[in-house]
Amino acid sequence: EAQVTQNPRYLITVTGKKLTVTCSQNMNHEYMSWYRQDPGLGLRQIYYSMNVEVTDKGDVPEGYKVSRKEKRNFPLILESPSPNQTSLYFCASRAGQGAINEQFFGPGTRLTVL
Amino acid sequence: AQKVTQAQTEISVVEKEDVTLDCVYETRDTTYYLFWYKQPPSGELVFLIRRNSFDEQNEISGRYSWNFQKSTSSFNFTITASQVVDSAVYFCALSRGAGNNRKLIWGLGTSLAVNP
């Protein structure tokens, strides 16, 4: 089954404790992206990757890191989480590098930073 | 600048009513793509439709239909005979169609509640 998986689905952590949210897709998609969703603000892109070893900042990259060492994986790293990073996070992938194809989304990770 | 506006923040209807969700976009590109996604209460984001700027034909898929009008820069979504399972947040999004484009421009979403 074609899918994007994220782990963990739920996470409660404390300020400053490094964490990683994993994302993996099995569709051989070139493009992957991370979003955060907050009430009243919609979906905002954090980082994206056009292909292996190619990443770039989205609209709200501060406080986040990513890496793309393999085509299928695109982890999101919070080196020192803060309460304002409490949010619902989505990983997405799509075929090709242009934005003409639909994105496939993971199930979401709900992160709470205390 | 590119922008997507979903003016309706929340809509509440009674089951079996028809409901239209509005989406107005701004772009200077001649080639672009428009999308609708659904986010049910379970939280996942589900792709519904993609429309390119050269295809103004309306689309119907079961109880769902989409009306694309370039003259008014709108891509509205209608649910006919709504059902409780249609309750969700619906997002409209815009992308550029050419070049090394990287991202979608998202509307803020319309929360639809269909009551029994």
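Above this note sits the structure.
The shown structure was predicted, so the numbers you read here are calculated from the model rather than taken from an experiment.

Help me understand the pairing of strand E4 (residues 31-38) of chain A, please; the structure alone is not making it clear to me.
Strand residues, when the strand is regular, have side chains that alternate between the two faces of the sheet. All names here are of chain A. Of all 8 residues that make up E4, 8 are buried, and the element is covered over most of its length. On E4, burial covers both faces: Tyr31, Ser33, Tyr35 and Gln37 on one face and Met32, Trp34, Arg36 and Asp38 on the other are all buried. Direction of pairing for E4 relative to strand E9 (residues 87-94): antiparallel, over a ladder of 7 bridges. Across the sheet, residue Gln37 finds its bridge partner in E9, namely Leu88. As judged from the 7 bridges shared by E4 and strand E5 (residues 42-51), these two strands associate in the antiparallel manner. Bridged to Tyr35 within E5 is Gln45. With antiparallel pairing between neighbouring strands as the criterion, E4 and E5 make up a hairpin whose turn holds 3 residues, including Gly40 at a positive phi of roughly 80°.

Looking at this structure, how should I read the interface of chain B and chain A?
Interfaces are often sized by the accessible area lost when the parts come together. At the junction of the two partners, chain B supplies 20 residues and chain A supplies 23 residues. When the two sides are added together, the surface that chain B and chain A hide from each other amounts to roughly 1,800 Å², 54% of it contributed by carbon and sulfur. Our count for the contact surface shared by chain B and chain A stands at 0 salt bridges. Considering every element that reaches the side of chain B that touches chain A, the biggest residue donor is strand E5 (residues 32-39) of chain B, with 4 residues. Taken together, the residues of the side of chain B that touches chain A sort by class into 9 nonpolar, 6 polar and 5 charged.

What counts and what doesn't
Going along each chain's sequence as written, the residues are numbered from 1 onward. Think of it this way: whatever chain is written first is A, whatever ligand is written first is 1, and the rest follow in order. The model is predicted, so local features are restricted to residues of pLDDT at least 70 and side-chain atom pairs to those at 80 or more, both for listing and for counting; the totals for chains, interfaces and linings are taken over all residues. Computation of side-chain values covers all heavy atoms of the structure but excludes hydrogens and water. Accessible area is worked out with a 1.4 Å probe on protein chains only. A residue is then buried under 20% of its type maximum, exposed over 50%, and partly exposed in between. To qualify as a helix, a DSSP run of H or I must reach at least 4 residues; to qualify as a strand, a run of E must reach at least 2; elements of each kind are numbered from the N terminus. When DSSP locates at least two bridges between a pair of strands, those strands are taken to pair. Contacts: residue pairs with any heavy atoms within 4.5 Å of one another. Values labelled buried area give the accessible surface lost by two parts on being combined, using a 1.4 Å probe and summing over both. Here a salt bridge means any side-chain nitrogen of Lys or Arg lying within 4 Å of a carboxyl oxygen belonging to Asp or Glu. Each residue receives one of three labels: charged for Asp, Glu, Lys and Arg, nonpolar for Ala, Val, Leu, Ile, Met, Phe, Trp, Tyr, Cys and Pro, and polar for the others, Gly being one of them.

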